[in-house]
Amino acid sequence: MSIGATFVAVHVGSGMHSRTNEKVYLEALASACQAASSASNCMTGVSQAIKALEEAEVTNAGLGSNLTLDGSVEADASIMLGDKTFAAVGAAPGLGSAIEAASLLARESQQPLPLGRVRPIFLAGQQAWVWAKTRGLTTASSLDDLNQWHVSGRAQKQWKKYKHMIDQDAERQTHHQQRLGATKATASQLASSHAAHTAQLTALGGQTYASHEANANSEAVPCMHGSKRSAATSGSDSGSADGSHRAKQQRREEGRSSQHAMPGLQHRPSQEGMSLATLQQESDLDDSCLNDTVGAVFIDPAGRVGAGVSSGGIAMKTPGRVGEAAMYACGCWAVDADPPLDRSHLLFAVQGLHWCHPKYLFST
């Protein structure tokens, strides 16, 4: 179904964008649309639009991307055409343009290999860089350059602040566990001391009872002796009660001393599971430091459609993590119209954490 004109739409994600940078974002979006406007097909249009956004340092794609926990850039990108052609790169370091690499993968996937071999449509990690380098794409020149490739000053400043907060949190957790261990040890000592006191009191009570029995058997029945016996028994019981009172008092004092040694521990909240979002609230980071996935959709004059996304991933991600931007039917989706089936065009490029599955979202 021909539309007789080219259509392109782009986005720079829904992350945290400062209003002071609004002009810069709008310029990046305009540049992306301009780059795609002269494209003759969907793959080229999507690739050129997103590549322009990757070159803008204010986006979380290409230059200026969020950094991994070890301080490097690892890119995710995917592209899909309306005929179901798809390709992606994930957690890929050292690429000049992640979407350009994904697009070349998609083109090559349409060309059969001899002897029945199957071409890849997804490359991840360092091997994506090796493959792109052999294809003549712009890449980091050597392994030594990978860690600093596309690392901007802004991203590095953000990384240092987050790394400091993460290290502080880890230190708090360590101290908390150490103090908790000391408290448990003190409680164990108190329990042992209590058991020892109980055993002593039990033994003392048994000895007193045996003494009473011996006196009862050896003494005569006169009233005077009975009075003496009662007095002796009363004295022993009094000694037992005094011992029990002293033991309880000692335990209370030991408990108070342990609380003074580690003040506030009983009321300290656990630091386990503290999220990066919580850490961010404790920081003085400005509101433009966290950006999101960029994307583009394209319809050529013949009505064919394409979509793509590119991302540096979440800030401080574990090295090697492949995000949704590189996963099939998660970051983008494209289906050409099919009039006999009464099916219209369907294409989109999404962004954000915890993406729902767009293919099934739109089918419900």
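Our subject is the structure that appears above.
Residues numbered from 1 in each chain as written. Predicted model: local features only at pLDDT ≥ 70, side-chain atom pairs only at ≥ 80, totals over all residues. Heavy atoms only, no water.

*Asks:* Describe the packing of helix α2 (residues 42-54) against helix α3 (residues 98-109), naming the residues involved and giving the relevant values.
*Replies:* Any two packed helices are characterised by the angle at which their axes cross and by the distance between the axes. The N-to-C vectors of α2 and α3 enclose an angle of 160°; their axes lie 8 Å apart at closest approach. Between α2 and α3, the crossing angle belongs to the class labelled roughly antiparallel. Classified by chirality, the crossing of α3 by α2 is left-handed. Contacts from Met43, Thr44, Ser47, Ile50, Lys51 and Glu54 in α2 reach Ala98, Ile99, Glu100, Ser103, Ala106 and Arg107 in α3. Partitioning the contact of α2 with α3 into residue classes produces five nonpolar, three polar and four charged. (Axes fitted to C-alpha atoms, helices over the stretch in contact; angles between N-to-C directions. Helix = DSSP H or I, 4+ residues; strand = E, 2+ residues; numbered from the N terminus. Parallel < 35°, antiparallel > 145°, perpendicular 65-115°, else oblique. Left-handed = near helix turned anticlockwise from the far one by under 90°. Contact = heavy atoms within 4.5 Å. Nonpolar A, V, L, I, M, F, W, Y, C, P; charged D, E, K, R; others polar.)

*Asks:* Requested: an account of empty space enclosed by the protein, with residues and values cited.
*Replies:* A complete count under the given rule lists one cavity of 30 Å³ or more for this structure. Within this model, the largest cavity holds a volume of roughly 70 Å³. Gly62, Val73, Ala75, Leu95 and His150 are the residues nearest the centre of the largest cavity, which is lined by 13 residues in total. Partitioning the lining of the largest cavity into residue classes produces seven nonpolar, five polar and one charged. (1 Å grid on protein atoms, 1.4 Å probe; cavity = no way out; pocket = protein on both sides within 12 Å on 5 of 7 lines; lining within 4 Å. Points joined across faces, edges and corners; volume = space filled by probe spheres on them.)

*Asks:* How would you summarise the sheet that holds strand β3 (residues 86-92) if you had to cite specific residues and measurements?
*Replies:* The strand order across the open sheet formed by six strands is β1-β5-β6-β2-β3-β4, and the pairing between neighbours is mixed. Lying at the two open borders of the sheet, with one neighbouring strand each, are β1 (7-11) and β4 (122-124). Within the sheet, the average angular offset between the axes of one strand and its neighbour, ignoring direction, is 5°. With five bridges connecting them, strand β2 (residues 75-81) and β3 associate as antiparallel partners. Across the sheet, the residue bridging to alanine 75 is alanine 92, located in β3. Packed onto the sheet, helix α1 (residues 22-37) meets β1 and β5 (294-299) and runs at close to 150° relative to β1. (Pairing = 2+ DSSP bridges.)

*Asks:* Residues and numbers for the packing of α1 against α2, please.
*Replies:* The N-to-C vectors of α1 and α2 enclose an angle of 155°; their axes lie 8 Å apart at closest approach. The orientation of α1 with respect to α2, classified from their angle, is roughly antiparallel. Note on packing geometry: the crossing formed by α1 with α2 is right-handed. In contact with Ala28, Leu29, Ser31, Ala32, Ala35 and Ala36 of α1, α2 contributes Gly45, Gln48, Ala49, Ala52 and Leu53. Class assignment of the residues belonging to the contact of α1 with α2 gives a composition of eight nonpolar, three polar and no charged.

*Asks:* For unusual backbone geometry, give the residues involved together with the corresponding values.
*Replies:* Of note in the backbone geometry, histidine 150 takes a positive phi value of approximately 65° without being a glycine. Locating histidine 150 in the fold gives a position in the loop between α5 (143-146) and α6 (153-218). For alanine 329, which is not glycine, the phi dihedral falls at a positive 65°. Mapped onto the elements of the fold, alanine 329 is located in the loop between β6 (305-311) and β7 (332-335).

*Asks:* Please set out the pairing of β7 residue by residue, giving values where relevant.
*Replies:* Residues Cys332 and Ala334 of β7 are buried on one face, and the alternating residues Trp333 and Val335, pointing to the opposite face, are buried as well. Alignment of β7 against strand β8 (residues 346-349), held across four bridges, turns out to be antiparallel. Along β8, the bridge assignment pairs alanine 334 with leucine 347. (Buried < 20%, exposed > 50% of the residue type's maximum accessible area, 1.4 Å probe, protein only.)

*Asks:* Now, about the nonpolar core: what can you tell me, with residues and values included?
*Replies:* One finds Val10, Leu53, Ile79, Val89, Leu95 and Trp131 to be the most contacted residues of the largest nonpolar core, which totals 41 residues. When contributions to this core are tallied by element, the ones reaching two or more residues are α1, α2, β2, β3, α3, α4 (126-134) and β5. Of all hydrophobic cores here, the second largest spans 18 residues; its members include Phe86, Trp333, Val335 and Ala349. (Core = buried A, V, L, I, M, F, W, Y, C linked by side-chain atoms within 4.5 Å.)

*Asks:* Would you mind going over the packing of aromatic side chains in detail, with residue names and values included?
*Replies:* Aromatic ring pairs: the centre-centre distance and the angle between the two ring planes describe each pair. Taken as a whole, this structure holds two aromatic pairs when the rule is applied. Measuring from ring centre to ring centre gives 5.1 Å for phenylalanine 86 and tyrosine 328, while their planes differ by 85°; the resulting arrangement is edge-to-face. With phenylalanine 86 in strand β3 and tyrosine 328 in the loop between β6 and β7, the pair connects residues that are 242 residues apart, well separated along the chain. Among the residues examined, phenylalanine 86 registers a relative accessible area of 7% and is labelled buried. Given a relative accessible area of 42%, tyrosine 328 falls into the partly exposed group. Between tyrosine 328 and tryptophan 333, the ring centres sit 5.6 Å apart and the planes meet at 70°, which makes this aromatic pair edge-to-face. The class of tryptophan 333 is buried, set by a relative accessible area of 4%. Taken together, the ring pairs in this structure connect Phe86, Tyr328 and Trp333 into an aromatic cluster. (Phe/Tyr/Trp six-rings, centres within 6.5 Å; stacked < 30°, edge-to-face > 60°.)

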